Amino acid sequence: MNYDCLITDDEKLLADRTAEYFNLFGVKTALAYSASDCRDFFKDNTAKLMLLDINLGDGSGFVLCKELRETTEIPILFISARTSDDDQIIALSIGGDDYIQKPYSLSVLLAKVKAVLKRYGSKEITKFSDGRLTVDFDARQILVAGAPVKLTSLEFKLLTYLMQNANRVISKQELFEKVWEDKFTGDGTLNVHIRKIREAIEREPGNPQYILTVWGDGYRFVGENQ
């Protein structure tokens, strides 16, 4: 069966309440209360997005995320009561698309989920190539010097927006509004995703040639499509 959202959280009452709220507003949602439940879900079902807690009764959400990233690029939004900055950095570094603090507002979370679903469902039909970096926006494929590289759904969307606005300085606020399509994202989240993209496409991530930081303003993608 196909779902819009899978919630993987061992806090059963909160998960049930969130799923009920999402379903009420048209986001078809399934539940998994453990890592093993999540694995079983994907054997016979699909989801366009997942909300994933870090602490699961039978394992770690971090480990589960890394495992899922071997087979799927769906957006994974971590939901956790843990407040450490290190947890957020780890979550985003291993393939998570966002980090949401518990307790959360159901209406705010629903708005974020709908924005991500809208973004995930969109496709571009153009192709970028400069001889070294090739990006097929329709096929969602990236080649660097002929070798395929992988990005998360959000990272791909962010790179796409930067490339389609090449040689223009794009403010962080514009990226929040146009890429995330909501206003509930912070600089730390953006910075981690930019770093991950640089690690995937740049010759020297610490000395980028494609994605430049314009201090005080935002970012600029430098490149010419051939």
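Below is a short write-up of the structure. (Residues numbered from 1 in each chain as written. Predicted model: local features only at pLDDT ≥ 70, side-chain atom pairs only at ≥ 80, totals over all residues. Heavy atoms only, no water.)

Here we look at the overall build of the protein chain
Then, in step 1: Along the backbone of the protein chain there are 8 helices and 14 strands.
Then, in step 2: A globule of 226 residues ought to have a C-alpha radius of gyration of about 17 Å, and the protein chain, at 18 Å, matches this closely.
Then, in step 3: In terms of overall dimensions, the protein chain has a C-alpha envelope of 50 × 35 × 30 Å along the principal axes.
Then, in step 4: In the protein chain, which comprises 226 residues, the proportion classed as buried is 48%.
Then, in step 5: Accessible surface, the protein chain as shown: approximately 10,900 Å² in total, 50% of it carbon and sulfur. (Helix = DSSP H or I, 4+ residues; strand = E, 2+ residues; numbered from the N terminus. Rg over C-alpha atoms; globule rule 2.2 N^0.38 Å. Buried < 20%, exposed > 50% of the residue type's maximum accessible area, 1.4 Å probe, protein only. Areas by Shrake-Rupley, 256 points an atom, 1.4 Å probe, with all protein chains shown as cover.)

As for helix H2 (residues 35–44)
Then, in step 1: For H2, the set of buried residues is Ala 35, Cys 38 and Phe 41. Along H2, the residues classed as buried sweep out an arc of 115 degrees about the axis, all on the same side. Every exposed residue of H2 that faces more than 90 degrees away from the buried side is listed here: Lys 43 and Asp 44.
Then, in step 2: Each element contacted by the buried residues of H2 is listed here: strand S1 (2–8), strand S2 (29–32), strand S3 (46–53), strand S4 (55–56) and helix H3 (61–68). (Arc of directions from axis to C-beta. Contact = heavy atoms within 4.5 Å.)

Let's talk about the packing of aromatic side chains
Then, in step 1: All chains considered together, the criterion is met by 8 aromatic pairs.
Then, in step 2: Ring centres of Tyr 3 and Phe 41 lie 5.7 Å apart, and the angle between their planes is 50 degrees; this geometry places the pair in the tilted category. Of this pair, Tyr 3 sits in strand S1 while Phe 41 sits in helix H2, and the two are 38 residues apart along the sequence.
Then, in step 3: Among the residues examined, Tyr 3 registers a relative accessible area of 17% and is labelled buried.
Then, in step 4: Classification of Phe 41 by relative accessible area gives buried; the value is 9%. (Phe/Tyr/Trp six-rings, centres within 6.5 Å; stacked < 30°, edge-to-face > 60°.)

Thoughts on the nonpolar core
Then, in step 1: The biggest cluster of nonpolar side chains holds 28 residues, and the ones touching the most others in it are Leu 133, Leu 159, Ile 201 and Ile 211.
Then, in step 2: When contributions to this core are tallied by element, the ones reaching two or more residues are strand S9 (133–136), strand S10 (141–144), helix H6 (153–164), helix H7 (172–180), helix H8 (187–201) and strand S14 (218–221).
Then, in step 3: Ranked by residues supplied to this core, first place goes to H6 with 7 residues.
Then, in step 4: If near-sequence neighbours (up to four positions away) are discounted, Leu 133 is found in contact with Phe 128, Ile 142, Leu 143, Val 144, Met 163, Ile 201, Tyr 210 and Phe 221.
Then, in step 5: In this structure, Leu 6, Ala 32, Ala 47 and Leu 64 belong to the second largest nonpolar core, which totals 21 residues. (Core = buried A, V, L, I, M, F, W, Y, C linked by side-chain atoms within 4.5 Å.)

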